[in-house]
Amino acid sequence: MKTRLMHVRANVSDLNKSIEWYETILGFECTGADRTERWSYADFEFGAGATFAIAVSDKGANSARFNFDVDDVDELWEKLKDKVTVVEAIETMPYGTRKFTIADPDGNELGFVQIK
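Residues numbered from 1 in each chain as written. Predicted model: local features only at pLDDT ≥ 70, side-chain atom pairs only at ≥ 80, totals over all residues. Heavy atoms only, no water.

Considering the overall build of the protein chain
Logical step 1: The helix and strand inventory of the protein chain stands at two helices and eight strands.
Logical step 2: For the protein chain, the α and β elements follow one another from N to C terminus as β-α-β-β-β-β-α-β-β-β.
Logical step 3: In terms of C-alpha radius of gyration, the protein chain reaches 15 Å, essentially the compact-globule figure of 13 Å for 116 residues.
Logical step 4: Structurally, the protein chain occupies a C-alpha span of about 45 × 40 × 25 Å along its principal axes.
Logical step 5: With 116 residues in all, the protein chain has 40% of them scored as buried.
Logical step 6: For the protein chain, the share of sequence-separated contacts (at least 6 apart) that also reach a separation of at least 24 residues comes to 50%.
Logical step 7: In the structure as shown, the protein chain presents an accessible area of about 7,300 Å², 46% of it carried by carbon and sulfur atoms.
Logical step 8: Of the side chains in the protein chain, 14 bear a positive and 21 a negative charge, and the two mean positions are spaced by 5 Å. (Helix = DSSP H or I, 4+ residues; strand = E, 2+ residues; numbered from the N terminus. Rg over C-alpha atoms; globule rule 2.2 N^0.38 Å. Buried < 20%, exposed > 50% of the residue type's maximum accessible area, 1.4 Å probe, protein only. Contact = heavy atoms within 4.5 Å. Areas by Shrake-Rupley, 256 points an atom, 1.4 Å probe, with all protein chains shown as cover. Lys, Arg positive; Asp, Glu negative; His and termini not counted. Charge placed at Lys NZ, Arg CZ, Asp CG, Glu CD.)

Now the structure itself:
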């Protein structure tokens, strides 16, 4: 059976704070947030690939890692490096990709990768 990843979600501790961080720092656009007694959840607009979302979890925020393919990783690095917690500075990997990794306010790791 072949599968295709359609949706990924990062657990966060504060939905409003996290939406603001993803929109302000990364420039993601929140396409909708849903707050009920059972959940607090938000989706973000993406051009292609899996939908990215965040949600407050009753298990707390857990550390996860997500990699995003970008067109110009060097330009994004210059834009973000002084505004975020850097996990891994920008570098060219032995297999040819160029990437860096940052952390969101809950410690989820976000990698940004350009395939050369």
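Alright, that's what it looks like, and here's the rest.
Describing the sheet that holds strand β7 (residues 98-103)
Logical step 1: On the basis of which strands lie adjacent, the open sheet formed by four strands has the order β5-β8-β7-β6 and mixed pairing. Each edge of the sheet is formed by a strand with only one pairing partner; in this case those strands are β5 (65-69) and β6 (85-92). Across the sheet, the axes of successive neighbouring strands diverge by a mean angle of 15 degrees, strand direction being ignored. (Pairing = 2+ DSSP bridges. Axes fitted to C-alpha atoms, helices over the stretch in contact; angles between N-to-C directions.)

Thoughts on the pairing of strand β3 (residues 40-44)
Logical step 1: One ladder, built from five bridges, connects strand β2 (residues 30-35) with β3; its direction is antiparallel. Residue pairing in the sheet places D34 in a bridge with Y41 of β3.
Logical step 2: As consecutive antiparallel partners, β2 and β3 are separated by four residues.
Logical step 3: Linking two consecutive strands that pair antiparallel, namely β3 and strand β4 (residues 51-56), is a turn of six residues; a positive phi of about 90 degrees is found at G49 within it.

Quick notes on the nonpolar core
In globular proteins that are soluble, nonpolar side chains generally tend to be buried together.
Logical step 1: Grouped together as the largest cluster of nonpolar side chains are 28 residues, with contacts concentrated most on L26, F52, I54 and F112.
Logical step 2: Broken down by secondary-structure element, the contributors of at least two residues to this core are β1 (7-12), α1 (15-24), β3, β4, β5, α2 (73-80), β7 and β8 (109-114).
Logical step 3: Among all residues touching F112, those that are not within four sequence positions of it are L26, F68, V70, V73, L76, R98, K99, F100 and I102. (Core = buried A, V, L, I, M, F, W, Y, C linked by side-chain atoms within 4.5 Å.)

Some points on α1
Logical step 1: L15, S18, I19, W21 and Y22 are the residues of α1 that are buried. Seen end-on, α1 carries its buried residues on one side only, within an arc spanning 165 degrees. Those residues of α1 that are exposed and aimed more than 90 degrees away from the buried face are K17, E20 and T24.
Logical step 2: The elements touched by buried residues of α1 are β1, β2, β3, β4, β7 and β8. (Arc of directions from axis to C-beta.)

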